[in-house]
Amino acid sequence: MTQNIVEIDNLSFGYKSRMLHQGINMVFPRGKVIAIMGGSGCGKTTLLRLIGGQVKPSKGEVRVDDQVVHKQSREGIYQLRRKMGMLFQHGALFTDLSVYENVAFPMRELTQLPDSMIHDLVLMKLHAVGLRGAHQLMPTELSGGMARRVALARAIALDPDIVMYDEPFAGLDPISMGVICDLIRTLNDALGTTSIIVSHDVKETFLIADYVYFVANGTVAAEGTPEDLSKSSMPFVHQFVHGEKDGPVPFHYAAGDYAQDLLGFKA
Amino acid sequence: MERTTIDLWVGIFVALGIAALLGLAMKVGNLTTSNIGITYTVTANFENIGGLKPRAPVKSAGVVVGRVGDIKFDPATFEAVVSLSVDKRYNFPKDTFANIYTAGLLGEQYIGLEAGGDEAMLKNGDKITQTQDAVVLEKMISQFLFNKASESTNDAPAAGKSDSATSTKQADDALTASPLDAIASPVAP
Amino acid sequence: MIRFNLIVGLVRSLRNVGHRFTERIWRLGAGARLFWLTLVSSGESFRRFHLTIREVYFTGVMSLIIIIVSAFFVGMVLALQGYNTLQKYGSSEAVGVLVALSLVRELGPVVTALLFAGRAGTAITAEIGLMKATEQLSAMEMMAVSPISRVIAPRFWAGVISMPILAALFSMVGILGGYLVAVPLIGVDGGAFWSQMQANVDWQDDIVNGIIKSVVFGVACTMIALFEGYDAPPTAEGVSHATTRTVVTSSLAVLGLDFVLTSFMFTV
């Protein structure tokens with residue numbers, strides 16, 4: 001068993017006109033919480049898809065448990081995915097199934113467990129996220145935070161080795177954010193999984209992450225522990241961590257001369 | 001939705017569908033009336049089958065006793081060879097007549113079997129020897145006109161000049177008379 | 001200068017037409033591919049038949065009301081109009097034959113298919129489109145469950161099962177509606193109504209052919225609805241355009257297939 005459960009090796013991904021990633025190298029050690037951060041549109045979510053095998057890299061490799069993801073057969077990819085759980089940005093709960101059925105879904109589809117066992121497991125998972133009493137509700141009856149928690153319960157339903165979080169804090173109220181934040185860390189330590197968080201919420205992510213990768217301009221611009229990065233003097237990191245208005249990511253979109261635009265206007 | 005409620009409604013749905021299908025089969029279609037079971041095949045030759053088609057009914061005394069099978073052309077005798085599938089329950093004598101009739105005034109053509117008096121019965125593969133062809137409209141009209149014309153020419157020499165007028169008048173009558181009058185007789189039950 | 005603009009405009013619109021044409025061909029190919037994948041992934045729809053039954057409920061049972069009410073009205077109108085014309089030729093007793101043959105051969109399968117496309121087809125497209133937009137299909141893929149076996153194939157088979165049932169119901173209810181108008185209301189002889197019908201409607205040539213038509217229409221309408229949903233851009237606007245396209249494409253497909261099938265089945 002290697003120390004790194006996921007390895008991204010010299011990855012390039014994109015289209016001929018626009019390469020999203022160029023030469024990305026990342027490692028994800030077992031049992032740790034690792035965050036991938038960066039501005040919008042820098043391809044963070046795409047990295048999760050590359051790990052999950054939903055898209056193929058143009059160059060380089062993504063290895064999960066020492067197996068190259070994009071070289072697997074259809075069956076092989078499905079086997080790899082059984083070791084992963086994913087929490088999508090807005091939960092992506094199945095709207096036609098109840099909360100109970102949503103969490104039971106992976107168990108019913110991927111295992112042959114009897115109904116009695118599924119019942120116990122579902123309630124255990126829901127209890128872990130604090131929603132055991134809500135198991136008969138339908139997803140449309142849940143608030144955003146609750147839906148996110150149910151999706152988390154579903155993601156860990158089969159005790160996966162890797163849990164991936166796509167913007168888990170996006171659009172939540174402070175309480176829910178705190179809850180999710182706590183759950184990610186607690187569950188990671190309790191289950192011994194590896195958590196990969198894609199986010200741009202600096203405060204919450206820095207609280208729970210063991211290691212952070214900053215992606216900008218298609219490469220890893222910076223990496224390190226949250227303490228190191230908060231103290232970093234790199235302009236991009238500094239702007240991002242402290243939320244500065246102007247810096248390497250400019251405030252003004254590319255435009256001509258201001259005076260020329262105003263005075264040179266011909267009716 | 002409870003699984004059992006869904007199952008119930010789907011069951012009702014499928015049952016309704018089957019009921020509709022049965023209704024269509026029994027009440028609307030001719031499934032009950034055409035319950036011809038096991039059949040035996042006999043052939044019949046006709047010089048002209050008119051508009052007879054495969055699967056046309058074969059009737060005797062007005063009751064459907066079989067169906068027309070396939071219709072072939074015999075290049076040796078230049079006749080049409082029609083195969084009849086007759087219900088095994090009904091046996092016909094060897095000297096049965098097979099006639100082609102028309103249902104209604106302008107309807108489809110069918111075969112009518114008139115039993116003869118022979119004691120020996122037709123078996124599978126036998127041939128019906130007594131046949132009557134279909135009535136072809138054009139032949140009948142020309143036949144009728146010819147008959148009318150020859151009748152008047154027979155009377156003409158005795159009657160003299162005035163008769164030529166009547167003979168043409170009779171020919172006129174023949175022309176204006178509806179040819180359908182002549183068809184009235186072959187419409188047997 | 002004007003002529004140059006005209007030429008540029010013409011070239012642009014030609015290129016537009018060409019682009020739209022190739023776009024349609026591409027979509028036809030993508031649709032055929034989804035059809036193939038659906039057929040190949042159908043094992044689960046039958047092994048876990050309750051999935052298919054659930055979809056039969058949502059496509060078939062929920063369409064019952066509109067089918068039955070429409071059939072009733074269509075049958076009644078057929079009887080009225082039929083009687084109107086037939087009685088001029090003294091053949092008013094043939095109104096039963098007219099209603100039955102019109103329904104069983106053509107109106108049953110075709111009108112049912114059009115109503116099905118409008119009601120069940122749009123529901124399917126919207127549902128699949130929304131599942132795609134809210135990443136539910138992606139979530140399923142990441143859980144190593146094929147969305148095609150789990151979501152698309154059961155809906156396909158549900159549509160194929162529901163259509164002939166709905167078409168048979170349409171024909172039967174239509175005939176009953178026609179009977180109610182012709183016999184108690186107008187005064188056509190009840191016995192003649194049914195006996196003429198039985199003598200002229202053939203089980204194999206008319207009824208079975210009508211059922212075959214409805215199965216073909218079921219395949220076409222359901223597949224079009226599924227494809228439009230699966231292929232829709234994952235936005236609200238995308239899904240709404242997809243549902244419109246489902247109705248238009250299904251209707252054209254049904255009418256076109258009807259012509260092809262009729263020319264095979266009902267020519268002497």
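Everything in this summary refers to the structure shown in the same document. Predicted model only: the values in this text are computed from it and were never measured.

### Some details on the overall build of chain C
In step 1: Across its full length, chain C carries 10 helices and zero strands.
In step 2: The secondary structure elements of chain C, listed N-terminal to C-terminal, are α-α-α-α-α-α-α-α-α-α.
In step 3: Summarising its shape, the C-alpha atoms of chain C cover approximately 65 × 65 × 35 Å along the three principal directions.
In step 4: Here chain C, with 268 residues, has 49% of them falling under the buried criterion.
In step 5: Considering only contacts in chain C between residues 6 or more positions apart, those separated by 24 or more positions represent 86%.

### A look at the interface of chain B and chain C
In step 1: Facing the 20 residues of chain B at the interface are 25 residues of chain C.
In step 2: The residue inventory of the side of chain B that touches chain C, partitioned by class, reads 12 nonpolar, five polar and three charged.

### Some thoughts on the sheet that holds strand E7 (residues 127-128) of chain B
Residues and elements named next belong to chain B.
In step 1: In space, the eight strands of this open sheet follow the order E7-E1-E4-E3-E2-E6-E5-E8, with mixed pairing throughout. The open sheet terminates on both sides in strands that have one partner only, identified here as E7 and strand E8 (130-132).
In step 2: Bridging between strand E1 (residues 39-46) and E7 involves two bridges; their strand directions are parallel. The residue of E7 that forms the bridge with Ala-44 is Ile-128.

### Let's talk about the pairing of strand E4 (residues 79-87) of chain B
All names here are of chain B.
In step 1: Of the two faces of E4, the one holding Ala-80, Val-82, Leu-84 and Val-86 is buried and the one holding Glu-79, Val-81, Ser-83, Ser-85 and Asp-87 is not buried anywhere.
In step 2: In this sheet, E4 lies alongside E1 in antiparallel orientation, the contact comprising eight bridges. The residue of E4 that forms the bridge with Tyr-40 is Val-86.
In step 3: Direction of pairing for strand E3 (residues 63-74) relative to E4: antiparallel, over a ladder of seven bridges.

### Some remarks on the interface of chain A and chain C
Interface size, as often reported, equals the accessible area lost upon joining of the parts.
In step 1: In this complex, chain A contributes 14 residues to the contact, which on the side of chain C involves 10 residues.
In step 2: Secondary-structure elements contributing two or more residues to the side of chain A that touches chain C are helix H2 (74-81), strand E6 (84-87) and helix H3 (99-110) of chain A.
In step 3: Sort the elements by how many residues they give to the side of chain A that touches chain C and H3(A) lands first, with three residues.
In step 4: The residue makeup of the side of chain A that touches chain C, split by class, is eight nonpolar, three polar and three charged.

Rules used in this analysis
- Residues numbered from 1 in each chain as written.
- Chains lettered and ligands numbered in written order.
- Predicted model: local features only at pLDDT ≥ 70, side-chain atom pairs only at ≥ 80, totals over all residues.
- Helix = DSSP H or I, 4+ residues; strand = E, 2+ residues; numbered from the N terminus.
- Buried ≥ 20, exposed ≤ 12 C-beta atoms within 10 Å, placed from the backbone.
- Contact = placed C-beta atoms within 7 Å.
- Nonpolar A, V, L, I, M, F, W, Y, C, P; charged D, E, K, R; others polar.
- Pairing = 2+ DSSP bridges.

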